[in-house]
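Examination of the molecular architecture
Single-letter residue listing:
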Amino acid sequence: MRARFEVVVVGGGHAGCEAALASARLGRDTLLLTHDVAALARMSCNPAVGGLAKGQVVREIDALGGAMGRVADRSGIQFKVLNASRGPAVRGPRVQSDKVLYNEEMSRTVRATPSLTLAAGAVVAVREGGGRLRGLLLSDGSEVACEAAVVTTGTFLRGLVHVGDERREEGRWGEPPARTLSENLKAIGLSLGRMKTGTPPRVRAASLDTSRMIVARGDERPVPFSFACRSEPFPRLPQVDCFLTHTTDRVHDLIRRNLFRSPLYSGRIVGRGPRYCPSIEDKVVRFPDRPRHQIFVEPEGLSTDWTYLNGLSMSLPAAVQEEIVRAIPGLEQAEILRPAYAIEYDMVFPEQLDDTLEVRALPGLFLAGQINGTSGYEEAAGQGIVAGTNAALAARRGERAPLVLGRHEAYIGVMIDDLVTLGIDEPYRLLTSRAEYRLLLGADTAYARLTAKGAEIGLVDPRSADAILDREARLNRVRGALETASLTPDRETVERLAALGVPLSEETTLAGLLRRPEFPPEALRTVAEGRIEDPLVAAELDSLDEEEAGRVTAEIRYCGFLAREEAAVRRLSRSLELKIPRDLEYRGLPGLSHEAVEKLERHRPRTLGQAGRIPGVTPAAVTLLLARLTLRKRESVA
Amino acid sequence: MGALVADREGTGDVIVAPATPPGASALAIIRLSGPPGAALAVARRLVPSLPERPEERHALVARFVDAEMRPLDEGIVLPFEAPRSSTGEEVVELFCHGAPAIVAALLSAAQAAGARPARPGEFTRRALANGKMDLAEAEGIAHLARSESRGAARRALGLVEGELSRRVRAVREDLLDRLAEIEAGLDFPEELPAEGAVMRQAALGKAQAALSTLVSAAEGSVARERVSTVTMVGRPNVGKSTLFNALLGADRAIVTPDPGTTRDAVSEAADLLGTRVRLVDTAGLREPESEAERIGVDVARRAAGLADVVLLLVDGSIPPSSEEEAAAKSFGERALVVRTKSDLPAAKPWSLAAEVAVSARTGAGLEALKAIVRERLGSMENDGEILVLERHRDALARAAAAAREAAGADADEIAASWLRGALHALGEITGETATEELLDRIFSTFCIGK
């Protein structure tokens, strides 16, 4: 292996892969360093990608030229859009993945990417010089020099696996942890915390009686995540069913009786676990009135017998787990292939990062994924693409401005802003309720929001960008035509609409018709026939696929609300986007409370808006900052 | 997001606020500030005669109208172009007569024309943002910052502490619960059944009812905050100024035996058995003989028109005139007929029923008069709450409107967007933000997560 790269990415999980791919797309000589080159983008927990907010992130990654959507499409064995009956902003595309094929597809992508080198190795320390990152020290004593690095350690930093009383130092089941890097990160001045997460038991498919469960099917007409897969055979793999079962009184009883053996309750686990992904112990304790909890039974692939019991994560002893699993309808004979386990790991409090995901204490060092306290493959990948891009940009300093996505632009932007501004005290998961501009952030609008930006930086290759932006332009033309095409209440039209249950008494436009709740949008094409003047646009309307037609309809129906949110974004921008210089001396500012100074120094907000979101920074303190910034600006002008 | 409530809602809006202290005074100044063109556009709705491009820093005498174009007052309008103004934006100052009702009507008219009430310190913030303040002034703000813990929100809360604040919090709790239900359903569709529009409508009924009660309470309270006005009218020399001074306990109005001495309305803060009122003395009610007196009588009519209680003073020693009878009729329930000079023998025949007789000279009946006025004012208050500022009323009204939209929305995510708006508006009163609390609520209420 060479001893010098422009960018090194440490860790080959979901964050690391996207980071390395992004850096390589920008043409940087990039090294992806991982302890096991066969384990790229391994799905260490559930065999699925996407869902609410997460599905939007996958689309955002795709819109920025990332790999996750394509890999998920090509390895998908059940596609389902959650909230399909709701408006487009809150629909969440999700796929059940073949874990093995997901890993293979990602490996293929990484290996086929020019200027990206994949190598095995474990990093034990970062090397600094002249106030910035200079390279990395590996466990075999060798060093790699680099301009910038992205560290994505996932659950490996001092990872500790718990199954009942048993504890093992592991980063994932059966894989060695990163033991010494934590100390080194502390040495450069970072403050570290400890988080906990868990994963449920895996059982053998052949040992299950699915006739006692409810079948959960995918969508009849699956929609891919990625733009590229629209022009490929899709879905590529045979589609499978999932199953739904539930806990029973006996399960709850077993859990209560054995609670003292759960390290979560005995106090052996100190790391904080996520509330949105509670262990079954937690659910039983916190919601004692609930007679049962759902268990989703999900195959982990086409060629594997492994099955994931979603909803049953726990850390009870393996023997108790077997009793619990077998008290569940359909799982009476279940053979456990791997018990559920909890894992504790070190993370870096993310308020020590800039919104570029660069460590403030050590320029050139970027962090992404679970090391920043998040959970979830999509959250990791979303940070990965931003960190990888910014590391690549930092490696050739001053070339162009870093990639920072706004809260109104992307869920990735919401997430990173939450992380670096608010900090965290539990593993962070994206939810649509975290986004104040939720209506602007639909999965279907990701390309309109991000592709032009991605293409400009060089993340999206020009041909793909052209195809994507061409479609956006097409949709805009169709929307415009529907807004202007008029509909007069002549006899024929009135009768035709009456047959659809839509009374028409005065002239309107096709868009006006679409906004009427009683109008069935699928009738649009028939009604529009002969009413759109430009034959090219009329043909474009006819050629829209189901998703595109749905999007045009929704954008017309929701345009009032969209305009309202867009106006809010515009109002927000002026003083809140005022930049705070990195070197601002908070301590010297008269009138700031000790608490505010401490918080501001710790979080180092980049903008006035971020400052205002930090818990403990009062509106008065923000006013004071505004005054100071204004004065500075005037002094520098004078 | 919530900490920066003041900025979230529009740095580009036209804001309006009185620049003079509340209560009656000879003059009041209302200030509008906004982007170039926008403040003038609002001003033009209040001052129809304002030219398209008025000369900056040039005072114009003009008629002010209310939202329905009804004349309100005559005064002076003074425009400032950006950046040569106190805030660095386009500023328009309106100088009007200092009757609280006129000020209130102009503020409502400005809002109807698109301005919104300024939040505390907002003029200052804009001035800072536009570089209109120097270091010394900025440090004045620093001092302010030191003295408060949660800033403007806490200060606002201090004003509404008590019953109103308790009720705002209760509504907020209720809205947060409803929003948590909706959000949980949106983010965890596999674990929670969708509620649907009908359920949502029913669930929001309680909060909506509570909000509309709050809005009416606030409206009553805003009306009260301008300090009730008690205006004295009566024929010349009936003894208005003498009574005015007696009630005030000071020689404020000029008292001479010449009729028509008081040409302007004279007003003073007075304490009527613990209730603070504005006491207004006016020119006499009779056909004016001079131009000056004509203006005085006009002022008297207008002042009486805006009063909460009109003390119609009648001289007990001479029979009531037709003007007095007409006045009693036109002021209706607001009129309180007071027979003055009760130390003199009563005249006959007597057609007006006096409720109280006083003698400013002996002091007889003064305490009774004060008690009756106080009782009258008291009966106009609704449920004895603490004052609500104009912008609190505005926030409540916005919250109520948003809750109504949420109940009527046909999609949960749209309803959620409105509910966030409602909570945000209530947060301007209570100083609380919703996002983290909302997540806490979702996770503690629903068993979520696979």
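Provided above is the structure to which this section pertains.
Below is a summary of the structure that appears in this document. Keep in mind it's a predicted model, so treat the numbers as computed, not measured. (Residues numbered from 1 in each chain as written. Chains lettered and ligands numbered in written order. Predicted model: local features only at pLDDT ≥ 70, side-chain atom pairs only at ≥ 80, totals over all residues.)

**Overview of the overall build of chain A**
- Along the backbone of chain A there are 22 helices and 23 strands.
- Over its C-alpha atoms chain A spans a radius of gyration of 26 Å, differing by no more than 12% from the 26 Å that the globule rule assigns to 638 residues.
- With respect to the three principal axes, the spread of C-alpha positions in chain A is 80 × 80 × 50 Å.
- When each of the 638 residues of chain A is scored for burial, the buried share is 55%.
- In chain A, the share of contacts with a sequence separation of at least 24, taken over all contacts with a separation of at least 6, comes to 73%. (Helix = DSSP H or I, 4+ residues; strand = E, 2+ residues; numbered from the N terminus. Rg over C-alpha atoms; globule rule 2.2 N^0.38 Å. Buried ≥ 20, exposed ≤ 12 C-beta atoms within 10 Å, placed from the backbone. Contact = placed C-beta atoms within 7 Å.)

**With respect to the overall build of chain B**
- Tallying secondary structure elements over chain B gives 15 helices and 12 strands in all.
- For chain B, contacts bridging at least 24 residues in sequence account for 68% of all contacts bridging at least 6.

**With respect to the nonpolar core**
- A:Val8, A:Ala149, A:Ala391, B:Ala403 and B:Ala422 are the most contacted members of the largest nonpolar core, which totals 181 residues.
- With 11 residues, the top contributor of residues to this core is helix α10 (residues 377–395) of chain A.
- What B:Ala422 contacts, discounting residues up to four positions off in sequence, is B:Leu175, B:Ala399, B:Ala402, B:Ala403 and B:Ala406.
- Among the nonpolar cores identified, the runner-up in size contains 34 residues, and B:Val14, B:Val16, B:Ala109 and B:Phe123 belong to it. (Core = buried A, V, L, I, M, F, W, Y, C linked by C-beta atoms within 7 Å.)

**Thoughts on the sheet that holds strand β9 (residues 143–145) of chain A**
Residue and element names in this part refer to chain A.
- If you trace the 3 strands from one edge of the open sheet to the other, you get β7-β8-β9, paired in antiparallel fashion. On the outer flanks of this sheet lie β7 (123–129) and β9, each paired with one strand and no other. Each adjacent strand pair in this sheet contributes to an overall mean axis angle of 30°, direction not counted. (Pairing = 2+ DSSP bridges. Axes fitted to C-alpha atoms, helices over the stretch in contact; angles between N-to-C directions.)

**Some words on the environment of A:Lys579**
All names here are of chain A.
- Structurally, the position occupied by Lys579 is in the loop between α19 (559–576) and α20 (594–603).
- Classification of Lys579 as exposed rests on a count of 11 C-beta atoms within 10 Å.
- Along the primary structure Lys579 and Thr493 are separated by 86 residues, whereas in three dimensions their C-alpha atoms are 56 Å apart.
- Sequence-distant contacts of Lys579, defined by excluding residues within four places in its chain, comprise Arg606 and Thr607.

**Brief notes about the sheet that holds strand β5 (residues 90–98) of chain B**
All names here are of chain B.
- With respect to topology, 6 strands assemble into an open sheet ordered β3-β4-β5-β2-β1-β6, the strand pairing being mixed. The sheet is open, and its two edges are formed by β3 (60–65) and β6 (116–117), each paired on a single side.
- As paired elements, strand β2 (residues 25–34) and β5 share 9 bridges and run antiparallel to each other. The residue bridging Leu27 from the neighbouring strand is His97, located in β5.
- In the packing of helix α2 (residues 38–46) onto the sheet, contacts are made with β2, β3, β4 (71–80) and β5, and the angle to β5 comes to roughly 25°.

**Quick word on the environment of A:Leu625**
- Mapped onto the elements of the fold, A:Leu625 is located in helix α22 (residues 619–637).
- Beyond its immediate chain neighbours, meaning those up to four positions away, A:Leu625 contacts A:Ile580, A:Leu608 and A:Ala611.

**What about the pairing of strand β10 (residues 309–315) of chain B?**
Residue and element names in this part refer to chain B.
- Most of β10 sits out of view: 7 of its 7 residues are buried.
- Strand direction decides the pairing type here: strand β7 (residues 229–234) and β10, joined by 5 bridges, are parallel. Residue pairing for β10: Val233 is matched across the bridge by Leu312.
- Note: β10 against strand β11 (residues 335–340), 6 bridges, orientation parallel. By the bridge assignment, Leu311 is partnered in β11 with Leu336.
- Note on the crossover from β10 through helix α11 (residues 322–331) to β11: the handedness is right-handed. (Right-handed = clockwise from strand over helix to strand, strands pointing away.)

**Some details on α11(B)**
Residues and elements named next belong to chain B.
- Of the positions making up α11, those classed as buried are Glu324, Ala327, Ala328 and Phe331. Buried residues of α11, seen end-on, are gathered within an arc of 100° and therefore sit on one face of the element. Away from its buried face by more than 90 degrees, α11 exposes Ser322, Ala326 and Lys329.
- In the segment just after α11, Gly332 is the residue with positive phi, at about 55°. (Arc of directions from axis to C-beta.)

**Overview of the packing of helix α1 (residues 14–25) of chain A against α10(A)**
Residues and elements named next belong to chain A.
- Between α1 and α10, the least distance of the axes is 7 Å, while the angle of their chain directions is 30°. Judged by the angle between their axes, α1 and α10 are roughly parallel. The crossing of α1 and α10 is right-handed. Packed against α1, whose contacting residues are His14, Ala15, Gly16, Cys17, Glu18, Ala19, Ala20, Leu21, Ala22 and Ser23, the element α10 presents Tyr377, Ala380, Ala381, Gln383, Gly384, Ile385, Ala387, Gly388, Thr389, Ala391 and Ala392 at the interface. (Parallel < 35°, antiparallel > 145°, perpendicular 65-115°, else oblique. Left-handed = near helix turned anticlockwise from the far one by under 90°.)

**Quick notes on the packing of helix α6 (residues 249–258) of chain A against helix α9 (residues 318–326) of chain A**
Residue and element names in this part refer to chain A.
- Where α6 meets α9, the closest approach of the two axes is 8 Å, and the angle between their N-to-C directions is 160°. Looking at the two axes, α6 sits roughly antiparallel to α9. For the element pair α6 and α9, the recorded crossing hand is right-handed. Seen from α6, the contacting residues are Val251, Leu254, Ile255 and Asn258; seen from α9, they are Val320, Glu323 and Ile324.
- When grouped by side-chain class, the residues that make up the contact of α6 with α9 number 5 nonpolar, 1 polar and 1 charged. (Nonpolar A, V, L, I, M, F, W, Y, C, P; charged D, E, K, R; others polar.)

**As for unusual backbone geometry**
- Between A:Phe234 and the following residue, A:Pro235, the backbone shows a cis peptide bond with an omega angle of -10°.
- On the secondary structure map, A:Pro235 appears in the loop between β15 (214–216) and β16 (242–246).
- The linkage connecting B:Ala82 with the following residue, B:Pro83, adopts the cis geometry, with an omega of 0°.
- Counting through the fold element by element, B:Pro83 comes out in the loop between β4 and β5.
- One non-glycine residue, A:Ser115, lies in the positive phi region at around 60°.
- Examined against the element boundaries, A:Ser115 turns out to sit in the loop between α4 (99–112) and β6 (116–120).
- Judged by the 15 C-beta atoms lying within 10 Å of it, A:Ser115 falls in the partly exposed class.
- Phi is positive for A:Arg158, close to 50°, though the residue is something other than glycine.
- Within the secondary structure layout, A:Arg158 lies in the loop between β10 (148–151) and β11 (160–163).
- For A:Arg158, a count of 20 C-beta atoms within 10 Å gives the class buried.

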